[in-house]
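# Inside the fold
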Amino acid sequence: MKRKKWIVSKGDKETATRVSQEYGIDPLAAFIVSARGYDDECYQDFFTEDAELTLDPMSIMDMDKAADRIIEALDSFEKICVYGDYDADGVTSTALLYSYLESRGANVVSYIPDRIDEGYGLNKPAIKKLHDDGVKLIVTVDNGISAVDEIVYAYSLGMEVVVTDHHIAGDLLPQCVAVVDPHRPDCPSKFKEMSGVGVAFKLCCAIEGDDYAVLDEYSELVALGTIGDVVSLTGENRTMVRYGIRKINENPSVGVAALVKAAGVGDKTFTSSTASFALCPRINAAGRMGSADKALELLLCEDTDKADELAAEINSMNQSRQATEMEIYKKALEIVRSNPEIKNSRIIVVAGEGWHQGVVGIVAAKLTEHYGRPSVVISVMDGEGKGSCRSVEGFSIYDAILSCSDCLTHFGGHPLAAGIGVDEDKIAEFRRRINEYAADKELPFATQRIDCKLNMSQINLGVVSSLSELEPFGTDNPQPFIGLFGVKIEDITPISEGKHTRVLVSKDGARNGIMFFNQPEKKFPCCQGDIVDIAVNLEKNVYNGDTRVSFTARGIRPAHTDEEKVLACLSLYNKFSRNEAITPQQAQLLTPDRDTQVEVFRSIKQKPLKDNYSEQLCVRLDDDGTKMAKYMVTVDMMVEMGVLAIDENNCVYAPANPQKVDLQQSSVMKKLQSLQV
């Protein structure tokens, strides 16, 4: 787990008491929402079970034009194409609008481009094919805002286009019947955070003239697409998702029920977390590994046997996706680890020939989580690169790629996620330019937020029930992070052939097991006997009829180091590693003396250092973090000179019978000495 900046929320007890009494909710849930800074309007959305839809569809710019044109097409039986996208948001958007128009008797078809062969959004060959098939009106969902040239081409063929999208608009808006996008600069709509399916839903509401009739019919599609696109689960989104979750629990459609069963989650209460971790990845997998049309067919399916067949096929695609994703992630890690320039850069950019384009976004997210930095992963085929970008909170990757967009063939996205196209011979320039942009920016640490500190002895099923009052969870309303501070590690056990780790911790007589998923025991940075702080999510777990509290770890740190000192040392060390300018005084702070070198070597010789986790050296050497940068530099020097070594698990150890060397001759030491002149 990459070291993050821990932020412990401070709740307002007076506000929490008022909210608890006014809305009849548990005091713990009220404390957490007060700590998150929600206002009274948000409380209304959070705790009113049947909160109303308050956003007038017609408040979104061009919605009236879009609705009028589609109604005209319905009346004249013009052939309409709903043109979608291959991710969960795009597929649910397509299913929703297609199904709604079909219910209105429309002459309607759907089209989702192939991720590999066509890529994202409108493309001219697809437009030509639709024209030849007699389509008169194209309605985009979850795409279109950047398709300026493609829409000009559609009009040259005598077609018309309505764009519905939610991505950031460029300098030029498409010239067409209507551009419905809350993010266009001149849109007066107060709520900007809708997903593509949310915009498509509002379009149907505008056509129908009855928001709740549309919501009753299509809320599960809205919920899945909204959760899948990781947009803010506040305001209108929260209301729509709550309706959809309730429908999936009470009366799911045939297709969704089949997917729930195939995912193996049919025996549990369906929640937003279930959607996020079980259903949305499978819908995405169809577009990543095969054809998104399979997922669309499933969501529209009304035959139980056929739905089960499609769900099983999509489940198999998801398994293939997981294997492919892991293979490429390992290759990307090897590239980063073997290339100091990439490893030490502010923004990681890696590329591979023939990498499956359907999973590079997931790999980028994994790299960002692993290194705590923005990442770009590019798949190269026939001289053309297609990449996905992921970032950390506080750094806009969209602005970063915008700064060097002249060396890209196309780009688009959000502050935390984006996509690019780049010619293979421009990748090196792109890597250099995007890092030049980031060089004078303050690159924030990834954060680990703590909503509430609790003692383990206080945690029971009642606490979990209290936290569930904050459902549905998602962006801007994450599952609460509970801080367990100053707990002692009693035992560390590998699970699932070492893929996961179970850690037994104790404090004040209470003992609990905590799961660290996707954290191999041989890379787990702490040791038995360590006193640590752990951030956890709490859930109910039913096994053999017995219901217990399940603890899932989201972060860990030593309990007795100083947060500010540790992060300051990491920042300084990273600047040095990236060859960025540092002062002579800073170079001196990095330079280890002889005693420090001896301390570090003896500690690692006695016990290897897992995953190069230098904060553990502070624990072993009884340092509060003041000297951590010196420890990190010492490890680098000794690895360079062969005194220490790093194995395939990134574990630092002392080889048997190391040769005596003069560490003053290491390039790291020489560089530090030169900077002090």
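Here's a quick rundown of the structure.

Cut-offs and rules
Residues numbered from 1 in each chain as written. Predicted model: local features only at pLDDT ≥ 70, side-chain atom pairs only at ≥ 80, totals over all residues. Heavy atoms only, no water. Phe/Tyr/Trp six-rings, centres within 6.5 Å; stacked < 30°, edge-to-face > 60°. Helix = DSSP H or I, 4+ residues; strand = E, 2+ residues; numbered from the N terminus. Buried < 20%, exposed > 50% of the residue type's maximum accessible area, 1.4 Å probe, protein only. Lys NZ or Arg CZ within 6 Å of the ring centre and 35° of its normal. Core = buried A, V, L, I, M, F, W, Y, C linked by side-chain atoms within 4.5 Å. Contact = heavy atoms within 4.5 Å. Polar contact = N/O pair within 3.5 Å; in protein donor to acceptor, adjacent residues only side chain to side chain. Pairing = 2+ DSSP bridges. Axes fitted to C-alpha atoms, helices over the stretch in contact; angles between N-to-C directions.

## Examining the packing of aromatic side chains
Under the counting rule described, the total for this entry stands at 5 aromatic pairs. Ring plane angle 25 degrees and centroid distance 5.3 Å describe the contact between Y83 and Y111, whose orientation is recorded as stacked. With a gap of 28 residues between them, Y83 in strand β2 (residues 79-83) and Y111 in strand β3 (residues 107-111) connect regions that are remote in the sequence. Assigned by exposure class, Y83 and Y111 land together as buried. Between F395 and Y437 the ring centres are 6.3 Å apart and the planes differ by 70 degrees, which places this aromatic pair in the edge-to-face class. Within this pair, whereas F395 is found in the loop between β9 (384-390) and α17 (397-403), its partner Y437 is found in helix α18 (residues 427-439), the two being separated by 42 residues in sequence. Since its relative accessible area comes to 6%, F395 is described here as buried. Residue classification places Y437 among the partly exposed residues on the basis of a relative accessible area of 21%. Over the aromatic face of Y329 sits the side chain of K366, whose NZ or CZ is 5.5 Å from the ring centroid.

## Some points on the nonpolar core
Ranked by size, the top nonpolar core spans 80 residues in total, and within it L101, F201 and L279 carry the most contacts. Not counting the four nearest positions on each side in its chain, L101 is found in contact with I70, L74, I80, V82, A106 and V108.

## Some words on unusual backbone geometry
Both trends apply: most residues other than glycine have a negative phi, and most peptide bonds are in trans. With an omega of 0 degrees, the peptide bond between E471 and P472 qualifies as cis. Its place among the elements puts P472 in the loop between α19 (461-467) and β14 (482-495). Despite not being glycine, N650 has its phi angle at roughly 65 degrees, a positive value.

## Thoughts on the side chain of T501
With respect to the element layout, T501 can be found in strand β15 (residues 500-507). A distance of 2.5 Å separates a polar atom in the side chain of T501 from the backbone oxygen of Q519. For T501, the side chain forms a polar contact with the main-chain nitrogen of E521, separated by 3.0 Å.

## Some points on the sheet that holds β9
The strand order β7-β8-β9-β11-β10 describes an open sheet built from 5 strands, whose pairing is mixed. Of all strands in the sheet, those with a lone pairing partner are β7 (348-353) and β10 (410-413), marking the two edges. Pairwise comparison of adjacent strand axes, ignoring direction, gives a mean angle of 15 degrees for this sheet. Sheet analysis places β7 next to strand β8 (residues 375-381), joined by 6 bridges and oriented parallel. Counted as the bridge partner of G352 is S379 from β8.

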